[in-house]
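Structure assessment
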Amino acid sequence: MTMQLDSSGKLRHLITLEGLDKPLLERLIDRAEGYLTTPGDCPPNGSPFAGRSVANLFFEPSTRTRSSFELAAKRLGLHVLNLDVRTSSRTKGESILDTIYTLEAMACDVFVLRDSEPGLPDFIMRNVEPWVSVLSAGEADRNHPTQGLLDMLTMRRHKRDFSQLSVSIVGDILHSRVAHSAAHALKTLGVGQLRLIAPESLMPGTGEFLGAERHTRLETGIAGADVIMTLRIQKERMNSASIPDSESYFQQYGLTPERLALAKPDAIVMHPGPMNRGTEIASEVADGPQSVIREQVTNGVATRMAVMMTVLETLHGN
Amino acid sequence: MTMQLDSSGKLRHLITLEGLDKPLLERLIDRAEGYLTTPGDCPPNGSPFAGRSVANLFFEPSTRTRSSFELAAKRLGLHVLNLDVRTSSRTKGESILDTIYTLEAMACDVFVLRDSEPGLPDFIMRNVEPWVSVLSAGEADRNHPTQGLLDMLTMRRHKRDFSQLSVSIVGDILHSRVAHSAAHALKTLGVGQLRLIAPESLMPGTGEFLGAERHTRLETGIAGADVIMTLRIQKERMNSASIPDSESYFQQYGLTPERLALAKPDAIVMHPGPMNRGTEIASEVADGPQSVIREQVTNGVATRMAVMMTVLETLHGN
Amino acid sequence: MTMQLDSSGKLRHLITLEGLDKPLLERLIDRAEGYLTTPGDCPPNGSPFAGRSVANLFFEPSTRTRSSFELAAKRLGLHVLNLDVRTSSRTKGESILDTIYTLEAMACDVFVLRDSEPGLPDFIMRNVEPWVSVLSAGEADRNHPTQGLLDMLTMRRHKRDFSQLSVSIVGDILHSRVAHSAAHALKTLGVGQLRLIAPESLMPGTGEFLGAERHTRLETGIAGADVIMTLRIQKERMNSASIPDSESYFQQYGLTPERLALAKPDAIVMHPGPMNRGTEIASEVADGPQSVIREQVTNGVATRMAVMMTVLETLHGN
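**So, the interface of chain B and chain C**
Taken residue by residue, the interface counts 26 residues in chain B and 24 residues in chain C. At the boundary of chain B with chain C, total buried surface from both sides reaches about 2100 Å², with 54% on carbon and sulfur atoms. Area buried by chain B at its contact with chain C is led by B:Gly40, B:Leu71 and B:Arg294, which between them contribute 23% of it. The tally of links from chain B across to chain C stands at 1 salt bridge. Measuring nitrogen to oxygen at the nearest pair gives 2.7 Å for the salt bridge that ties B:Arg277 to C:Asp98. Of all the elements in the fold, those that place two or more residues in the side of chain B that touches chain C are α2 (63-75) and α12 (293-316) of chain B. With 9 residues, the single largest contributor to the side of chain B that touches chain C is α2(B).

See the structure below:
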């Protein structure tokens, strides 16, 4: 996906972490870390790009991700347009591309896109003006690059050396853009070991997640892990996994204090949110001392600030 | 409700006026008055807290109250997130508390909550981080503290000495958070006389509004009053009051010019809005010289600015 | 519509272009042109009116026009309230005028109104405070004054002298507020020739568009034209025009490269958007070298900035 980079190798769009090299990922993570402040302090505000404009186009609704991008943009001094794309231009039959052309013509520099179908970020990226950047905020089950980056930042702040880490991802890995983006980044950053834990039917094919260990039992999958990433499971997916209900899923794949004790004593627990408490994770774990779930959210805003700054510098110089 | 105050007695949350002492109420009202400007002038803008963030969570929709808080926050330089809480996190089954935790982790300092059910502001207040403030923008039929404060500011600008005042509240007092919050403040400020005017079935029990006179006839209830607060009545409540329709309600409880003449000649007329003209109030009165209804709206923005500044100073120093 | 001007002839409201004199139109167009920047550059930001507030009341939804006004306001440093007027105050039975009074009392200086019914802008204009301005963002089939101005700006940047121009408007002219506003401005600016091209049933009566040539055949209507304004057609209107479907409309009135070749070689093609590609315009034309459709969008933001600045100066001095 080299189109994400400009001719001098700088990041111009961000629609997948796949193929981005280690120094680039590390610079993005470093930069995001630089935006972190003590909780309760006023976050950093302003940037040389104040007065430019960002358009949020969420074809799949997501209040938390939209809010994270919105706050990131506002704190950089950018104007934010939130477009309710379900009910506006599409009701008039306007094509998505015409919507993009219109927003470009209004001097929107950055488009944040989320869609439940695959392909839109790439399609838009290939059609925008040279001074415009496309950021994916979640694409079908494939990519969620800013989530991948914030997850790496979260791991690095607790665990430093990726080559020594064993990371276990638990849940509906097959359909998870979070897992896919994390795996791209972990591979590039040279993770020691990646383990996937899922029911057979939710385990991705062997053409994906190369080099990862695969487990159908949670207990063996998290034994000795440094990082446990739990994933959100959707009700309709349980059925396809021959798991009748939330309670049965929890019995087999729910992260309880007892199971967490099988991981390293200083293992951290992650979840991209929103959580189904009592389905994929027990509340004692979600709110316990090993949980870094709320840090992930904090790191998410910082990561989006870092990504926006990076692409804006690529487009307009710094 | 001492939890609203911090250990040194400063206001940290505002979910009810009950129990707040007179000096505190007076400081809030003074401060709100300081934000008032001549109509047509540019309102005050900016504050030491510019760059901090406010989240509006309206579980019960209210454009006018949300707009009032939004403008107050923006004029203080705060970023505002408007969350459509009906359709976002709840559709994914995320608990309200997880939504709050998420927004805290995004560095939202102030939560503005409105709900048609009781209990949420107190519940949230007990669960937020030490650097976060909860403001109620209306809680069921119980509390609407910023409305109570703006009503006091409105009265004081016209009538100065509360101890000399006779205040009549007319309408569905039983279900009115506006009436409850006004009564809390009036009691603390030492109002001379409080009179409640309502049909039997909409009159609160004698355990509430201690010391208030109760009237079922409007004419006797407003005789000689200095202030008449009319309340919004909902259609479904008329039926429970054995009042068949809007017209019948107006005949018994509508504030007409003739009835207003029974109050003091310089009596002021208030309404929290939105008004049902021709139901609880005649248009001649609503738009007449004794009406201060639009001033209430103006005072509302100033009051919300004052409250936000006060809690932000408590949290972060000034 | 002299009420749009204050006693010294300055523009205070903008609800129609009809009756505005040539110097005023030219000053607005000049001022809008001054806000244009090179694509990719940061647009101008800030104004002496920063901190004042604009309320967008769109009774007829329109994401693109609302976004254009929103960005214009934000770039001038104004606070923007987007009111979902379909679901908020009207559900509580609040009259539109009470909504306006409320927003005035919150110190909103500028109201941007869009409605599918006629009459609202004029009605509101007659009822606002002396320090408030009303801007129409589209009124039924009658007026869309900022669209008319942006269209004039677009023509002038390509064609300079209006007296030498032949302008052809194609489509559902009868129901088009865009066509009406363009015609008002073109007449005042002294356009050389105005031609209307439409099926009989969508052609306005002879009491309107005085002096315009009327054509039912596209080919004769655009022969030798300098400017071709294509209009959006709605499906239900095709039926009333005895045109069964989109394809048939395109066959008779769609602007194809072949037909465009009948106009002057340097003719420009306009469309107010959103376009029905393949109905009123071929994609080759919409995206071709003679199309100025995206420039129209850019000019729209600049025009709205110019109009807001002009009325704010009238209200508050400069």
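**Some remarks on the relation of the copies chain C and chain A**
For the pair chain C and chain A, the relating rotation is 120°, the translation along its axis is 0.0 Å, and the fit reaches an RMSD of 0.0 Å. The superposition of one copy onto the other is thereby described by a three-fold rotation axis.

**Points about the domain arrangement of chain A**
Accessible area lost upon the coming together of the parts is a frequently used measure of interface size. Residue and element names in this part refer to chain A. Domain boundaries assigned for chain A yield domain 1 (2-143 + 297-316) and domain 2 (145-292). In this structure, domain 1 and domain 2 have C-alpha centres spaced 26 Å apart. In this assembly, domain 1 packs against domain 2 so that about 2400 Å² is buried in total across both faces, 61% of it on carbon and sulfur atoms. The largest share of the area that domain 1 buries against domain 2 comes from Leu-17, Ile-29 and Asp-141, three residues that together contribute 25% of it. The shortest N-O distance in the salt bridge between Arg-156 and Glu-33 comes to 2.7 Å. If you look at where domain 1 meets domain 2, you find 10 residue pairs in polar contact (both at pLDDT 80 or more). Sorting the residues of the side of domain 1 that touches domain 2 by element identifies α1 (22-34), α2 (63-75), β3 (108-115), β4 (133-139) and α12 (293-316) as the ones contributing at least two each. At 8 residues, α1 tops the list of elements feeding residues into the side of domain 1 that touches domain 2. Across the side of domain 1 that touches domain 2, the residue classes break down as 12 nonpolar, 7 polar and 14 charged.

**Focus on the side chain of B:Ser67**
With respect to the secondary-structure elements, B:Ser67 resides in helix α2. On the basis of relative accessible area, B:Ser67 is assigned to the buried category, the value being 1%. Only 2.7 Å separates the side chain of B:Ser67 from the backbone oxygen of B:Thr63, close enough to count as a polar contact. Setting aside its immediate chain neighbours within four residues, B:Ser67 contacts C:Leu81, C:Leu83 and C:Met106.

**Things to note about the sheet that holds strand β8 (residues 227-230) of chain B**
All names here are of chain B. The strand order β7-β6-β5-β8-β9 describes an open sheet built from 5 strands, whose pairing is parallel. If you trace the sheet from one side to the other, it starts and ends with β7 (213-215) and β9 (268-270), each paired once. Between one strand and the next, the sheet's axes are offset by a mean angle of 20°, whatever the strand orientation. Strands in contact with helix α5 (residues 145-159) are β5 (166-170), β8 and β9; relative to β9, the strand with the most contacts, it is inclined by about 170°.

So, how was this worked out
Residues numbered from 1 in each chain as written. Chains lettered and ligands numbered in written order. Predicted model: local features only at pLDDT ≥ 70, side-chain atom pairs only at ≥ 80, totals over all residues. Heavy atoms only, no water. Contact = heavy atoms within 4.5 Å. Buried area = accessible area lost by both parts, 1.4 Å probe. Salt bridge = Lys/Arg side-chain N within 4 Å of Asp/Glu carboxyl O. Helix = DSSP H or I, 4+ residues; strand = E, 2+ residues; numbered from the N terminus. Least-squares fit on C-alpha atoms with pLDDT ≥ 70 in both. Domains from an automatic or database assignment. Polar contact = N/O pair within 3.5 Å; in protein donor to acceptor, adjacent residues only side chain to side chain. Nonpolar A, V, L, I, M, F, W, Y, C, P; charged D, E, K, R; others polar. Buried < 20%, exposed > 50% of the residue type's maximum accessible area, 1.4 Å probe, protein only. Pairing = 2+ DSSP bridges. Axes fitted to C-alpha atoms, helices over the stretch in contact; angles between N-to-C directions.

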